[in-house]
Amino acid sequence: MECLATKKSRDHRKRFHRDDSCPSDEGSDPPLKKQRSNNAKKSARDSETLEMVLSREEAHKIIKEKLGVEMPDCFYEVWEFCRSLNAEQPLDALKSAGLTLVGPYDILAGRFTGKDLSRASCLRHCRYFYDPPEFQTVLQGNKRTGFHIGYFRDDPDSLPVFLASNKAEEGYHISPQGENLFAAIMLYIAGELKSTGSKDPSKAAALKGISKQLKEWLESSKLDIPLENKTQKMKQRDKKMVCKLFHGAGLVVPLDSNDVGYREVPETPGDLRKMLKSVMAAATDAERMQAFEPTTSAITAWG
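What you see is a predicted model, and the numbers here were worked out from it, not measured in a lab. The residue numbers shown here count from 1 along each chain, following its written sequence. Under the rules for a predicted model, residues below a pLDDT of 70 receive no local features and side-chain atom pairs below 80 are neither given nor counted, while totals for whole chains, interfaces and linings still include all residues. To get the side-chain values, take all heavy atoms of the structure and skip hydrogens and water.

A. Structural context of helix H3 (residues 56-67). If you check H3, its first and last C-alpha atoms are 15 Å apart, about what 12 residues at 1.5 Å a residue would give, namely 16 Å. Only protein chains enter the accessibility calculation, which uses a 1.4 Å probe. A residue is then buried if its area is under 20% of the maximum for its type, exposed if over 50%, and partly exposed in between. Secondary structure elements are defined from DSSP: runs of H or I of at least 4 residues count as helices, runs of E of at least 2 residues count as strands, and each element is numbered from the N terminus. All of the buried residues in H3 are Ala59, Ile62, Ile63, Lys66 and Leu67. Down the axis of H3, the sector holding all buried residues measures 105°, keeping them to one side. Set apart from the buried face of H3 by more than 90 degrees, the exposed residues are Glu57 and Lys61. Whether two residues are in contact is decided by their heavy atoms: any pair within 4.5 Å suffices. Against the buried residues of H3 lie helix H4 (73-85), helix H5 (105-108), helix H6 (119-124) and strand S2 (135-140). Between the first and last residue of a helix there are one fewer steps than residues, each counted as 1.5 Å, and that sum is the expected span. Picture the helix axis, draw a direction to every C-beta atom, and the arc is the one those directions span.

This is how it looks when you write it as structure tokens:
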């Protein structure tokens, strides 16, 4: 599994990548089937988490500087919930349910404090092969399937519009998972209970335990947070979508001051798939260049 199809510095790998956290950094291939393990290094890196837990204000400043976005309230509230479960290792507080806090949560754990880290390196941190720019991973699940959950933004200058999940080892499809991170966690738990709960009683008990603790924490915190899969706000966004895109999450392009916005692509999704598949199937560079011709012509026409 790749964070992105590029290599990153040793310093980035040393500071951020635990063997049970984000995808491997090295190489430039599509999602890999192997996961490396090094328990000695893992233990050392886990101990680094305890060195510093940043305040919300400090984290907000670094997230804005390194990632160029602002995080919603539910991002910080989930962090507080996880600290209530495991004060020493909040990143692993949901591990019994099969989830690990990753990505910008490493900032809250004090891992993004080095000024020698470039913004590009931080932006690549915990990115999976098929993640579009709008997708920002915050939870990692089953490494065999490459399951991860992230915030989805239509505009980097705005807050996320919903949570989504993807299984990077299986393809590029993105599934909406509620309006906030609490909803995404609860929907994940419900899905896991439905698919594996009866087969694994101990896992089912762990999932139910996290679900109960989360509901109790929300109640005690007096947080009015919607937990449904699709809220009214998400339905309103659906009406603004100008196209579905291959991944299914859709594209929202507002009109500018000159009433210029998205221009519909004349090719059907099926035609576009055929074009791209022919490029991927090419055996030689010459065949690949020839297969690119219809795509190049289409791009010229779109422009």
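B. Focus on the side chain of Ser165. With respect to the helices and strands, the residue Ser165 is situated in strand S4 (residues 162-167). With residues near it in sequence (within four places) discarded, Ser165 still touches Phe135, Phe147, His148, Ile149, His173, Ile174, Ser175 and Gln177.

C. Structural context of the sheet that holds S2. The strand order across the open sheet formed by 5 strands is S1-S2-S3-S4-S5, and the pairing between neighbours is antiparallel. Of all the strands in the sheet, the pair left with one neighbour each is strand S1 (100-101) and strand S5 (175-176). When S4 meets S5, the two strands line up antiparallel, connected through 2 bridges. Across the sheet, Ser165 pairs through a bridge with Ser175, a residue of S5. One bridge is not enough; two strands pair if DSSP finds at least two bridges between them.

D. A look at the packing of H3 against H4. Where H3 meets H4, the closest approach of the two axes is 12 Å, and the angle between their N-to-C directions is 130°. On the basis of the axis angle, H3 is oblique to H4. Two packed elements cross with a definite hand, and for H3 against H4 that hand is right-handed. Taken together, the residues of H4 that come into contact with H3 (itself represented by Arg56, Ala59, His60 and Ile63) are Asp73, Phe75 and Tyr76. Split by residue class, the contact of H3 with H4 holds 4 nonpolar, 1 polar and 2 charged. Lines fitted to the C-alpha atoms define the axes, with helices restricted to the stretch that makes contact. Angles between their N-to-C directions range from 0 to 180 degrees. The labels follow the angle: roughly parallel below 35 degrees, roughly antiparallel above 145, roughly perpendicular from 65 to 115, and oblique for the rest. Handedness of each helix crossing follows the sense of rotation of the near helix against the far helix: counterclockwise by less than a right angle gives left-handed, clockwise gives right-handed. Only Asp, Glu, Lys and Arg are considered charged in this grouping, and only Ala, Val, Leu, Ile, Met, Phe, Trp, Tyr, Cys and Pro are considered nonpolar; every other residue, Gly among them, is considered polar.

E. Quick look at unusual backbone geometry. For Cys126, which is not glycine, the phi torsion reads 65° and is therefore positive. Within the secondary structure, Cys126 sits in the loop between H6 and S2. The phi dihedral of Lys222 is positive, around 55°, even though this residue is not glycine. Mapped onto the elements of the fold, Lys222 is located in the loop between helix H8 (201-221) and helix H9 (232-240). Look at Lys222 and you get exposed, because its relative accessible area is 73%.

F. Molecular detail of the pattern of salt bridges. By salt bridge we mean one thing: a side-chain nitrogen of Lys or Arg within 4 Å of a carboxyl oxygen of Asp or Glu. A complete count under the given rule lists 6 salt bridges for this structure. The shortest N-O distance in the salt bridge between Arg237 and Asp154 comes to 2.8 Å. Of the two residues, Arg237 is situated in helix H9 and Asp154 in the loop between strand S3 (147-152) and S4; the sequence distance between them amounts to 83 residues. Between Lys230 and Asp238 there is a salt bridge, and its shortest N-O distance comes to 2.5 Å.

G. Representation of H8 within the structure. If you check H8, its first and last C-alpha atoms are 30 Å apart, about what 21 residues at 1.5 Å a residue would give, namely 30 Å. In the segment just after H8, Lys222 is the residue with positive phi, at about 55°.

H. Highlighting the nonpolar core. The criterion is simple. A nonpolar core is a set of buried Ala, Val, Leu, Ile, Met, Phe, Trp, Tyr and Cys residues joined through side-chain atoms within 4.5 Å. Among the nonpolar cores identified, the biggest contains 45 residues, and Phe75, Leu94, Tyr105, Leu139, Leu181 and Phe182 are the most heavily contacted of them. Counting only elements with at least two residues in this core, the list comes to H3, H4, H5, S2, S3, helix H7 (181-197) and H8. Discounting residues that sit within four places of it in the chain, Tyr105 has contacts with Cys74, Phe75, Val78, Trp79, Leu91, Val138 and Leu181. Residues Phe152, Val161, Ala164 and Ala249 belong to the second largest nonpolar core, which totals 8 residues.

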